[in-house]
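These are the residues of each chain, in order.
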Amino acid sequence: MAGGRAAAGGGRPWPQLDLLFLRRFLRIQAVLFPKWPSPNVLMFLTLLCVALLEQLVIYQVGVIPSQYYEVLGNKDFSGFKTLTAIALTLIVVNSTLKSFDQFICNRMYVSWRKSLTEYLHSCYFYGQVYYSLHVLREDIDNPDQRISQDVERFCRQLSSMASKLIISPFTLAYYTYQCFHSTGWLGPVSIFGYFVIGTVVNKVLMSPIVSKLVQQEKLEGDFRFKHMQIRVNAEPAAFYRAGRVEHMRTDRRLQSLLQSQRELIGKELWLYIGINTFDYLGSILSYVVIAIPIFSGMYGDLSPTELSALVSKNAFVSIYLISCFSQLIDLSTTVTDVAGYTHRIGELQETLLSLGRKKKANYSEAKDSWDLDNHAGEDPMPGNTAFLLERVTLSVPSSGKLLIKDLSLRISQGSSVMIVGNTGTGKTSLLRVLGGLWESTQGSVEMLTCFGPHGVVFLPQRPFFTDGSLRDQVIYPLKEIYPVSGSADDERIVRFLELAGLSDLLARAGGLDQQVDWNWYDVLSPGEMQRLSFARLFYLQPRYAVPQLDFETSWGGKMGAHTMREDEAAPSWRRMLKNMPYSDQLQNLLTLGRALSSRCGAADPTAINKESVWCKTISGFC
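Residues numbered from 1 in each chain as written. Predicted model: local features only at pLDDT ≥ 70, side-chain atom pairs only at ≥ 80, totals over all residues. Heavy atoms only, no water.

1. Describing the side chain of aspartate 472
Here comes step 1: Along the polypeptide, aspartate 472 turns up in helix α14 (residues 470-475).
Here comes step 2: From its side chain, aspartate 472 meets the backbone nitrogen of serine 469 in a polar contact 2.9 Å long. (Helix = DSSP H or I, 4+ residues; strand = E, 2+ residues; numbered from the N terminus. Polar contact = N/O pair within 3.5 Å; in protein donor to acceptor, adjacent residues only side chain to side chain.)

2. What about a negative patch on the surface?
Here comes step 1: Together, Glu70, Asp76, Asp301 and Glu306 make up a negatively charged patch on the protein surface.
Here comes step 2: Given a relative accessible area of 35%, aspartate 76 falls into the partly exposed group. (Patch = residues over 30% accessible without salt bridge, like charges linked within 9 Å, V, L, I, M, F, W, Y side chains within 5 Å. Areas by Shrake-Rupley, 256 points an atom, 1.4 Å probe, with all protein chains shown as cover. Salt bridge = Lys/Arg side-chain N within 4 Å of Asp/Glu carboxyl O. Lys, Arg positive; Asp, Glu negative; His and termini not counted. Charge placed at Lys NZ, Arg CZ, Asp CG, Glu CD. Buried < 20%, exposed > 50% of the residue type's maximum accessible area, 1.4 Å probe, protein only.)

3. A closer look at the environment of alanine 545
Here comes step 1: Structurally, alanine 545 can be placed in strand β6 (residues 544-550).
Here comes step 2: Its relative accessible area of 2% is what places alanine 545 among the buried residues.
Here comes step 3: Sequence spacing of alanine 545 and phenylalanine 458 is 87 residues, and the spatial spacing of their C-alpha atoms is 6.1 Å.

4. What to know about the nonpolar core
Here comes step 1: In terms of nonpolar packing, the biggest core is built from 72 residues, with Leu116, Leu120, Phe154, Ile191, Ile345 and Leu352 touching the most fellow members.
Here comes step 2: Of the residues forming this core, the biggest block, 13 residues, is contributed by helix α4 (residues 77-124).
Here comes step 3: Residues contacting leucine 352, with those up to four places away along its chain left out, are Leu120, Cys123, Tyr124, Val129 and Leu133.
Here comes step 4: Within the second largest apolar cluster, 27 residues are counted, among which are Leu470, Phe496, Ala509 and Phe534. (Core = buried A, V, L, I, M, F, W, Y, C linked by side-chain atoms within 4.5 Å. Contact = heavy atoms within 4.5 Å.)

5. Thoughts on the packing of aromatic side chains
Here comes step 1: One pass over the full model with this rule turns up 21 aromatic pairs.
Here comes step 2: Both rings, one in tyrosine 124 and one in phenylalanine 125, keep their centres 4.9 Å apart while their planes meet at 85 degrees; by these two values the pair is edge-to-face.
Here comes step 3: What makes tyrosine 124 buried here is its relative accessible area of 12%.
Here comes step 4: Aromatic pair tyrosine 174 and tyrosine 175: ring centres 5.3 Å apart, planes at 85 degrees, arrangement edge-to-face.
Here comes step 5: Taking the relative accessible area as the measure of exposure, tyrosine 175 reaches 2% and is therefore buried. (Phe/Tyr/Trp six-rings, centres within 6.5 Å; stacked < 30°, edge-to-face > 60°.)

6. Focus on the pairing of strand β1 (residues 385-395)
Here comes step 1: Most of β1 is tucked away: nine of the eleven residues are buried.
Here comes step 2: Pairing between β1 and strand β2 (residues 402-412): seven bridges, direction antiparallel. Across the sheet, the residue bridging to leucine 389 is leucine 409, located in β2.
Here comes step 3: Count of turn residues in the β1/β2 antiparallel hairpin: six residues, of which glycine 400 carries a positive phi of about 80 degrees.
Here comes step 4: Here β1 pairs with strand β4 (residues 442-447) via five bridges, running antiparallel. What sits directly across from phenylalanine 387, in β4, is methionine 447. (Pairing = 2+ DSSP bridges.)

7. Regarding the environment of threonine 336
Here comes step 1: Examined against the element boundaries, threonine 336 turns out to sit in helix α11 (residues 332-362).
Here comes step 2: Through-space distance from the C-alpha of threonine 336 to that of serine 211 is 9.2 Å; in sequence the pair is 125 residues apart.
Here comes step 3: In this structure threonine 336 touches Met206, Ile209, Val210 and Leu213, once residues within four positions along its chain are discounted.

8. So, the confidence of the model for the protein chain
Here comes step 1: Mean pLDDT for the protein chain: 77, with 80% of residues reaching 70 or above.
Here comes step 2: When pLDDT is averaged over each element of the protein chain, helix α1 (residues 19-32) comes out on top at 93 and strand β8 (residues 606-607) at the bottom at 30.
Here comes step 3: Here residues 593-622 is a poorly scored stretch, pLDDT under 50, and it has 90 contacts once near neighbours within four places are set aside; other chains count. (pLDDT = per-residue confidence, 0-100.)

What follows is the structure, encoded as structure tokens:
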């Protein structure tokens, strides 16, 4: 990988203007311009046509002063009136074309952001890539910032310089020819040499800015994340009286960010000095180029009026050619911003594609998405077994700590299985393996059913609630598939809320379809969140349900939280499952819960009642 120095805190190189930047930039362009008839391509071609017309008009406007010298020197009033009318017309046309140029650039910015963000979303939400990126990978900082903020800034900066970049080859070729025709070979060669020197100097000054910009954007994300952490966990922090501590920690993040910004400003100072110096040198160079043929006697036979008109025309050509090069040099600061965002977005793109290929190789699409299209009564995957585990060994992906060894387990239709154990023994990890979030170290894990109402539904211990109304929470994620609901569906939802003990929630939310502006995690207690999850489970009525429960916050509120003896733990779990409302619809239940006793009564599966609720301690697996 090209790039030179290793980044602090890791083995990756510092981002620079190198081949890696070019590869990442071209990959992003393939997303922005996917095929020939795409809207982005058509807008780009339209912008090119408008920019070419604009340059033609600019040339005509630019030579008007030389024509004024001529008509005024000859005291040609009729020619003066005609020239003034032409000048006014050209100015109106040029202003219109410039406005359309800016309008198309703004539309391209919106379209580019849409294309790039939707592409990253498709990779991010494929399977469980978003989970792997946030939980299992530590090399990509702030993916949310890269998708939302970095993409927006990248597209805005790129669109701001798009017009200048696409027209530059044409203007440089045309005005180079005009400059050669006016001043000979010395004029174009001097101007091109000026541009080469300016480019080399700016390249040297820009390289350290790119890496510093990437670092600053990371610190921006870290600072924003710290505030989000306080927002999400405001109540626990308040119980700890953590305001002073978090104030100091947040200020430390701020100081790191401000220090990075100060360093970036210091590096940008030298770049600004270089840009401004070459801008002013360009204005002097244009007159030097014009003076050489004049003092060499090339135009000795011209009258003062004719010489003034010629100098004015040649000055415009030379100055505009230098201006074209100066504009490219002035884009240095924009290029550094684009390069920094290119590295951050490109790095995210590479990681998402890598994780996506890995997911595609390990899991079929049927296991990675919900089956929502089958009609009731159809069996998308015939058979009576949901999960089949054979000699599975499981370790923590980050540390390699052994959790489960040589586990063989079959979860079939018609039976309910319960797995309990102490904290840290691997219950949640087993749930992650069954859900396809983690891979087993050894052995095979087969899920022989689909996700969704016709297969299996997982209920994690920390429920997930999306934005939207109360109905959206209960029927999630079916809202996007079945957006229209009638009175019969309303009655079912109300009934399930009542069974879950959440009748008052209907009034608090203002009805099923009232759009609320609150965060559901802020207004619901832990017990209410788990009850609402069960209301969702009753609504979906899957063939298999995998809830993860905890004695302190679980459904069994009537049981209370107390330390149980070994001989009462399993019957207590059984009573809790029996007390669940609508439990007759949950025929196949795999429950993972934290027992307060050290064992569940038996190391081997043991039928404890006629409903075949099995209890197995996780400590017996490793």
